[in-house]
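Geometric and topological summary
Chain by chain, the residues:
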Amino acid sequence: QVKLMESGGGLVQAGGSLRLSCAASGRTFAMGWFRQAPGKEREFVAALSRSGDTPYYADSVKGRFTISRDNAKNTVALQMNSLKPEDTAVYYCAAGALVTVESRRYNYWGQGTQVTVSS
């Protein structure tokens, strides 16, 4: 049984930064970050391969967000800089066998952490 838990969300002013973390149990997986705003479908944010050498980013966050992992601690982080109000959403981490931008390809999901960016 694989369990994922996100942390680090909160309220921040536009232009500020937040660092999200996802702690995973069990084996090392490829990891992804997704977000869902009220009334919208869940969308891809970033993903990272098991080795940490193959990152992927949504166009909307490139240059602002950085995904990284610490395999020794079995955690994945999402550093979010230059935050914008449109980044406001519940952020979820996910785990799967292979790195992918498709949410349906991930097998395990955390419960999410709220990120709110004020104008």
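Presented here is an overview of the structure given in this document. Chains are numbered independently. Their residues run from 1 in the order of the written sequence. Restriction of local features to residues with pLDDT of at least 70 applies here, the model being predicted, together with a cutoff of 80 or more for giving and counting side-chain atom pairs; totals for whole chains, interfaces and linings are based on all residues. Remark: hydrogens and water are excluded; side-chain values derive from all non-hydrogen atoms of the structure.

Two aromatic rings, drawn from Phe, Tyr or Trp (for Trp, its six-membered ring), form a pair once their centres lie within 6.5 Å of each other, and the interplanar angle then sorts them: stacked below 30 degrees, edge-to-face above 60, tilted otherwise. Scanning the entire structure with this criterion turns up 5 aromatic pairs. On the basis of an interplanar angle of 70 degrees and a centroid distance of 6.3 Å, the ring pair of tyrosine 106 and tryptophan 109 is categorised as edge-to-face. Burial classification: accessible surface area is computed with a 1.4 Å probe over protein chains only, and a residue below 20% of its type maximum counts as buried, one above 50% as exposed, and the rest as partly exposed. What makes tyrosine 106 buried here is its relative accessible area of 5%. Residue tryptophan 109 is classed as partly exposed on the basis of its relative accessible area, which comes to 26%. Put simply, the rings of Phe34, Phe44, Tyr106 and Trp109 touch in pairs and so form one group of aromatic residues. In this arrangement the basic side chain of arginine 42 is found over the ring face of tyrosine 92, its NZ or CZ atom lying 4.0 Å from the centre. Consider the ring centre and the ring normal. A charge sits over the ring if Lys NZ or Arg CZ is within 6 Å of that centre and within 35 degrees of that normal.

In this structure, glutamate 102 sits in the loop between β9 (89-96) and β10 (108-109). Residue class for glutamate 102 comes out partly exposed when judged on its relative accessible area of 31%. In this structure the C-alpha to C-alpha distance between glutamate 102 and glutamine 13, which are 89 residues apart in sequence, comes to 30 Å. Each helix corresponds to a stretch of at least 4 residues labelled H or I by DSSP, and each strand to a stretch of at least 2 residues labelled E; elements are numbered beginning at the N terminus.

Spatial ordering of the open sheet is given by β1-β3-β8-β7, a layout of 4 strands whose pairing is antiparallel. Where the open sheet ends on each side, the last strands, each with one partner, are β1 (4-7) and β7 (65-70). Strand-to-strand twist in this sheet, taken as the mean axis angle between neighbours without regard to direction, amounts to 15 degrees. The pairing criterion for strands is at least two bridges between them, as found by DSSP. By the bridge criterion, 6 bridges tie strand β3 (residues 18-24) to strand β8 (residues 75-80) in an arrangement that is antiparallel. Of the residues in β8, the one forming a bridge with alanine 23 is threonine 75. Here an angle of 0 to 180 degrees is reported between the N-to-C directions of two axes, which are lines fitted to C-alpha atoms, with helices fitted over the stretch in contact.

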